[in-house]
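Overview (structure and organization)
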Amino acid sequence: MPTAWARIGRSWKPFRICKGKAAVTGLDRAASLPDGRAGRPKPIGLSAVFRHLARRPVVALSWVIVLAVMLVSLLAPWLAPFDPTDQATTDRMLPMGSDAFAMGTDQFGRDQLSRLLWGGRPLIVISLVSVAIAIAAGFVIGLCAGYLRGWIDMVLMRVMDVILSFPLILFAIVIVAALGPNLINVIIAIALSQIPVFARLVRALTVGETAKEYVLAGKAVGFSTPRIMLSEIAPNLVGPVIVQGTSVIAVAALYSAALSYLGLGIQPPEPDWGYMVKEGQQLLFFAPSLALVPGICIAVFVTAWNFIGDDLRDLFAAGGETMP
Amino acid sequence: MIMNRMRSPSTKTGGRVPVSRRQVLASGAAGLGAATLGLPRLASAQDNTLVFAVNSITGNFEPTVWNGFGDTVITMDSLGRGLTHVTFQSTDVQGAVAESWDVSEDGRVYTFSIRPGMTFHDGTDVTAQDVFRTFNRILDPEDPTRPAGTGAIDNLGGDNLQEIELVDDMTFRFILRDPDAAFAARLSRPDMVIISGAALDEYGSDIGPNLVSCGPYRLVDATPGERAVVEAFDDFYLGRPSVDRIVFQVLPDPLALTSALVGGTVSMSNFVPHSNLEQLASSGRVTVHEPQAYISLFLTMNATAGPLSDMRVRQAINYAVDRDAVINEAFFGYAYQPAYMCTAAQMGYDPAQEAYSTRDLDRARQLIQEAGAEGATIMMHSQNQLFWPSLGQVVQRNLEDIGLNIDTQYVESGSFFGIMFDKTQHELGLWQRSAFMPDPDGKFSPLFFSGTLSAEDTTAHTGLPTQPELERRILEALQAQDPEVRNQLYIDLNRFLAEEVMVHAMLANIYTPVASQNDLSGVNADGMGTYRTFLETVSYL
Amino acid sequence: MTSELIRRLAVLPLLLWAVVTLVFVLLRILPGDAATMLTAQVASQEVRDRIVIELGLDQSLWQQYLIYLGDLLRLDAGVSYISGRSVTSLIYTTLPVTIELAVAAALIMAALGLTSGMLAAAFRGSWIDVSVRFVATVLFSVPWFWLGIVLILVFSVQLGWLPSFGRLPPSVLYDPVTNFVLIDAIILGQPQLIWPWLQHLILPALTVGLTTAGFVTRITRVSFLEVMVEDFVRTARMKGMSGSRVFWRHICRNAALPIVTIVGLMFGAMLGGSVIAEVVFAYPGIGRMMVDAIFQRDYSVVQGAALVIACLYILVNLATDLSYALIDPRLRTA
């Protein structure tokens, strides 16, 4: 049986890049035509999307999971059998599978199923909103730095470096500890820590785009700077930024859970998966499901996002030409 | 001790979470059982070492500066002894470094005779000179060995202590401005341990990492954030302790602590979370002690804040709290029904006063109506670790039952103290008062007197018309000499506070749960229940 | 390349200064300070006022800042008001612990990531490839603290194989010289330290290593696949080189660049980012010390730790960038 590396060495044949199969490269490239003009991504029909997903069951399942989690969280007030903060003290510490309480209850008698249904909300809100803010701010910063160059570039990028020169989880901890633990501050902390990620990406892409012909053409024609930046360059960056955004959403979700675990996130009695793991730790011997299940929920959600992100990355890397 | 252990029958047994054998086994205790069966005698038992789990060690054993429970109390109680000593199994004040003492007629002059033949860990003799240097450094701002950041003088009565006097080599005297019946008990506090003068000469004000005192164990090593190691002192005045070596191990994570206790890698702890006690007890390897409670747990009410400035609202809040729920849900049954500020183990306790801390929803709602505070929004602050979040959720629910909107914030301790000592930033607060000395004054003077941080900034009640009478009563109880008289005065003081002032709603009388391996005997759980950790009586069977 | 190196090193003090200032300001926003912590157990206002003065907290923010900077330039990072130890000695004790953890975790991450990535590349398209990618993605989607709890539950509680806290068992006497257990065991001639140290190191290192291995798997796989289709590989095969030789000589060197980037970035991140693992396992590293110090308002410790972590992080990134030149001669500019 040939060793793995020998096998790698031998398989020099280029792989068939057939329609729909993800390209080998993993590098992000903006959708642009071969001669350097800006290209708009091809309009995608709904049937094309379905065909794409049909070949990738894992990605399809991920989309289903993510949408289901979001839907359930949105509809939690109607789906949950009980009020998640209702402390019915006569039914405390019931194990999973009890009559009215499918997932058991905790030490206050709160129904775990209801808390799980509601508990995804802070996670989703925090990860989506903080990444949206980070993208918006990072986009602006990166665009200005990459196009305008000069001292603006230097100043902005050095500020980004300061933030990046620090492990981001510690950065988030310090900010939340300083501002106080609530939803808004967690969003601010995570957003701030992720802005440099997007700023750097957008700047690098902008620098690349600026050298292209369509930008030179625009300058020659006399377009104003903001117009060039916004209507010519920006649309080409949307793809890679979205791809990056999906993996950052996953990271933001994990950070939000970690902050909750440290007691720096959502405050009880609001249900929140990260905090439920922390609370459940106390009762790990009585009822391991109290700590384990919310953790599984977080893991499933984040995993699904990561698969989606991978798929989007493959799509955009193929430059749009390989879309079915 | 038996006389003092008065408990309300309703709460203890009825409130415990029923855990059937099936549940315990199903939850994986089978795994735990497997781990405990058939294990050889603990390594630590074999070399006569005790591993005591604490939640922090900073390695700074400066007695007069607060460095957290792990250093300033738990380890200190093994390293040092003061002039007097209290076991907490009884509240009698015994002599330690002092062999005996007498009090003048007017109660203002305390003259201590130093016990002959005692030595410090460095071999030097214990004399009144060392006692002088120990107290001078906290009193005299010019003393060269004075530690930065010390507040210990307050624990001796603040400016009530006028003068200290070195009478002769073995006699020492304190001169007070006013009589203080708790004075001898104050000297048993962990921050009053006697320090070796020779060590002070060597280390000056940085004696913290190198503390030399005369306790049953001497300091060997300490690593901040990890552990402190002490070993038995041969010349301890009560005899060399049985256990050779103690390791105070930092282990803040409750899961790790519980599994370490069951697995046998930790011998003892008083930081076990209440939720795991039942399970520890049924593991068959660990004894869960239920000591007397010295710690008062309460809800502080800022008397200058919005609706709380109305006495009726404060009383309503007091009537709204369901103490049974607190004991069962936050403490899993391991706590006691409170009366008012004094616990059953202390002087000044009257079981009839449990009526002040009994839920009466109708009365509460009626008072809220009268005060027009229906639907009022009130802020509540709590710490975010240990049992505090559970407690907060119970109290919030109780208060919402009488029509109040409670907005709770759980913050880490640094922020918590900052907020609680600023009367513009908080309204309700969840807090406790432990007893490092059993005398009840420890729960009154520092909490109610004008000029104290608690009275001015936490409950902010010094502007109330009851203040002069309150202060008069506290002083009267403090200065009376006869214990029977004092007992009655403290009972009256409790009644006065509950009926006329009401800035604290008592939630429970608690203790820090003590768990120890079955092969240990002589565990002083009563002291450990209020953090006082006296380990010289412990031995392996 | 040297000019790049010099330029990056010249910027380093500026970055560190910015980090220190940022942390300084953020800490002062926190409600409560050292005096509050100390006086939590104390009664009177006058005592509190005195403590504030003694700790230098009554001076204006600007004054405190300048004094701190001045001390830093004289290499005096201050004293922890809680433990009374100098900040430098505290860092000296905790930094090696985190480095040990980061190195162990990085080794696990690299070993797992590289082998699984190469397997996936070798058997591209097969079920091996698919399952490796699946597991890799799941692993870095799992919340780190949750994985830590599960590991404790399985290995400490249920199986009783491994300890769940600390760096060494409480019964072991360790008198550190360099604070690196491996080195000290050799220097002091105490080999009996090593096995317990490893036992305590496994679970936290696994927690960090498993959750980051997925990134390395992905980048390894992608990188190898890219290189595998390059022309020069085909040429080498046509020349008659055996599979193994082609692998080691051509593919690895060319594929290494992005892999080294990721491994370097992750290692740098682990230096401070393993704080969660340090908290769950009570592992006495610098990340945990910093978090505890934040909660205790021990300003000097937080500032000192932040400075050191940032410095190391930047240096590790710098080293990663510079190692490109070693791997790829094309990147060596004059």
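Sequence order as written defines the numbering, with residues in each chain counted from 1. By the order in which they are written, chains take letters starting at A while ligands take numbers starting at 1. Local features in a predicted model are, by the rule used here, given only for residues with pLDDT of at least 70; side-chain atom pairs are given and counted only at 80 or more, and totals for whole chains, interfaces and linings are based on all residues. Hydrogen atoms and water are omitted, and side-chain values are computed over all heavy atoms in the structure.

Turning to the overall build of chain B, a few remarks are in order. In this description a helix means any DSSP run of H or I spanning at least four residues, a strand means any run of E spanning at least two, and both kinds are numbered starting from the N terminus. Helix and strand counts for chain B stand at 19 helices and 20 strands. When the backbone C-alpha atoms are referred to their principal axes, chain B occupies close to 70 × 65 × 40 Å. Here's how the labels work: a residue is buried when its accessible area is under 20% of the maximum for its type, exposed when over 50%, partly exposed in between, all with a 1.4 Å probe on protein chains only. Counting all 541 residues of chain B, 68% fall into the buried class. Residue contacts follow a heavy-atom distance rule, with two residues in contact if any of their heavy atoms lie within 4.5 Å. Of the contacts formed within chain B by residues at least 6 apart in sequence, a portion of 71% connects residues at least 24 apart. Per-residue and other accessible areas were derived by the Shrake-Rupley procedure at a 1.4 Å probe size, with only the shown protein chains allowed to occlude residues. Split by element, the accessible area of chain B, about 17100 Å² in all, is 48% carbon and sulfur. Positive residues here are Lys and Arg, negative ones are Asp and Glu, while His and the chain termini are left out of the count. We put the charge of a Lys on NZ, of an Arg on CZ, of an Asp on CG and of a Glu on CD. For chain B, the separation between the mean place of its 37 positive charges and that of its 67 negative charges on side chains is 6 Å.

Helix and strand content of chain C: 14 helices and zero strands. The helix and strand sequence of chain C, counted from the amino end, reads α-α-α-α-α-α-α-α-α-α-α-α-α-α. With respect to the three principal axes, the spread of C-alpha positions in chain C is 85 × 55 × 40 Å. Put simply, of all contacts in chain C between residues at least 6 apart along the chain, 74% involve residues at least 24 apart.

To continue, consider the sheet that holds strand 14 (residues 377–383) of chain B. Residue and element names in this part refer to chain B. Any two strands with at least two DSSP-identified bridges between them are counted as paired. Pairing is mixed in the open sheet, where five strands are placed in the order 15-14-16-13-17. Because the sheet does not close on itself, it has two edges, and the strands there are strand 15 (405–411) and strand 17 (504–510). Taken over all neighbouring pairs, the strand axes of this sheet differ in orientation by 25° on average, direction set aside. As judged from the seven bridges shared by strand 14 and strand 15, these two strands associate in the parallel manner. The residue of strand 15 that forms the bridge with Thr377 is Asn405. Against the sheet, helix 13 (residues 388–400) touches strand 13 (295–301), strand 14, strand 15, strand 16 (428–433) and strand 17, its axis set at about 170° to strand 15. All axes are obtained by fitting lines to C-alpha atoms, using only the stretch in contact for helices, and the reported angles, taken between N-to-C directions, cover 0 to 180 degrees.

To continue, consider the nonpolar core. Note that soluble globular proteins tend to have their nonpolar side chains buried in a common cluster. For our purposes a nonpolar core is just a set of buried Ala, Val, Leu, Ile, Met, Phe, Trp, Tyr and Cys residues, chained together by side-chain atoms within 4.5 Å. With 312 residues, the main nonpolar core has B:Leu83, B:Phe135, B:Phe174 and B:Leu391 as its most contacted residues. Looking at this core element by element, the count peaks at 18 residues for helix 9 (residues 225–261) of chain A. With residues near it in sequence (within four places) discarded, B:Phe135 still touches B:Leu83, B:Leu156, B:Ile164, B:Phe172, B:Phe174, B:Leu187, B:Met192 and B:Ile194. Within the second largest apolar cluster, 15 residues are counted, among which are C:Phe224, C:Val227, C:Met228 and C:Phe247.

Contacts between the two partners involve 28 residues from chain B and, on the opposite side, 24 residues from chain A. For the pair chain B and chain A, the two sides together bury roughly 2400 Å², of which 54% comes from carbon and sulfur. Reported buried area values correspond to the accessible surface (1.4 Å probe) lost by two parts on association, with both partners' losses combined. A per-residue breakdown of the area chain B buries against chain A is headed by B:Leu255, B:Glu329 and B:Gln393, which together make up 23% of the total. A pairing counts as a salt bridge when a side-chain nitrogen of Lys or Arg comes within 4 Å of a carboxyl oxygen of Asp or Glu. Between chain B and chain A we count zero salt bridges in total. Pairs of N or O atoms are called polar contacts if they sit within 3.5 Å, as long as, within protein, a hydrogen donor faces a hydrogen acceptor (for residues adjacent in sequence, only side-chain-to-side-chain pairs). Between the two partners, chain B and chain A, sit two residue pairs in polar contact (both at pLDDT 80 or more). Of all the secondary structure elements, the ones that give two or more residues to the side of chain B that touches chain A are helix 2 (21–36), helix 8 (254–263), helix 9 (277–281), helix 11 (323–330), helix 13 and strand 15 of chain B. The element that contributes the greatest number of residues to the side of chain B that touches chain A is helix 13 of chain B, accounting for six residues.

All names here are of chain B. In this structure, Thr145 sits in the loop between helix 5 (128–139) and strand 6 (161–168). Exposure remark for Thr145: the relative accessible area of 6% places this residue in the buried category. Separated by 2.7 Å, the side chains of Thr145 and Asp143 make a polar contact. Apart from the residues lying within four places of it in its own chain, the contact partners of Thr145 are Arg133, Arg137, Leu200, Gly204 and Ser205.

Once that is clear, we can look at the pattern of salt bridges. Residue and element names in this part refer to chain B. Per the stated rule, a full pass over the model turns up 34 salt bridges over all chains. Between Arg218 and Glu231 there is a salt bridge, with the nearest N and O atoms lying 3.8 Å from each other. Here Arg218, found in strand 8 (residues 217–223), pairs with Glu231, found in strand 9 (residues 227–232); they are 13 residues apart in sequence, far enough to count as distant. Note on Arg218: relative accessible area 25%, which makes it partly exposed. The class of Glu231 is partly exposed, set by a relative accessible area of 31%. A cluster of three or more residues bridged by salt bridges with shared partners is formed by Glu469, Arg472, Arg473 and Glu476.

Moving on: the packing of aromatic side chains. In this description, a pair of aromatic rings is defined by centroid distance and the angle of the planes. All names here are of chain B. Two rings from Phe, Tyr or Trp (for Trp, the six-membered ring) form a pair when their centres are within 6.5 Å of each other. A pair whose planes differ by under 30 degrees is stacked, one over 60 is edge-to-face, and the rest are tilted. According to the stated counting rule, one finds 35 aromatic pairs over all chains in the structure shown. An angle of 75° between the planes, with centres 5.1 Å apart, marks the rings of Phe172 and Phe174 as edge-to-face. Classification of Phe174 by relative accessible area gives buried; the value is 0%. The rings of Trp101, Tyr110, Phe112, Phe132, Phe135, Phe172, Phe174 and Phe183 are connected pair by pair, giving a single aromatic cluster.

The angle between the axes and the distance between the axes are what describe a pair of packed helices. Running from N to C, helix 6 (residues 168–179) of chain A and helix 13 (residues 286–296) of chain C cross one another at 5°; their axes reach a closest spacing of 11 Å. Compared by their axis directions, helix 6 of chain A and helix 13 of chain C come out roughly parallel. Two secondary-structure elements touch here, helix 6 of chain A through A:Leu170, A:Ile173, A:Val174 and A:Ala177 and helix 13 of chain C through C:Met290, C:Val291 and C:Ile294. Of the residues contributing to the contact of helix 6 of chain A with helix 13 of chain C, the split by class is seven nonpolar, no polar and no charged. Oblique is the label for any angle not under 35 degrees, not over 145, and not in the 65 to 115 range, which are roughly parallel, roughly antiparallel and roughly perpendicular in turn. In this classification, Asp, Glu, Lys and Arg are treated as charged, Ala, Val, Leu, Ile, Met, Phe, Trp, Tyr, Cys and Pro as nonpolar, and every other residue, Gly included, as polar.

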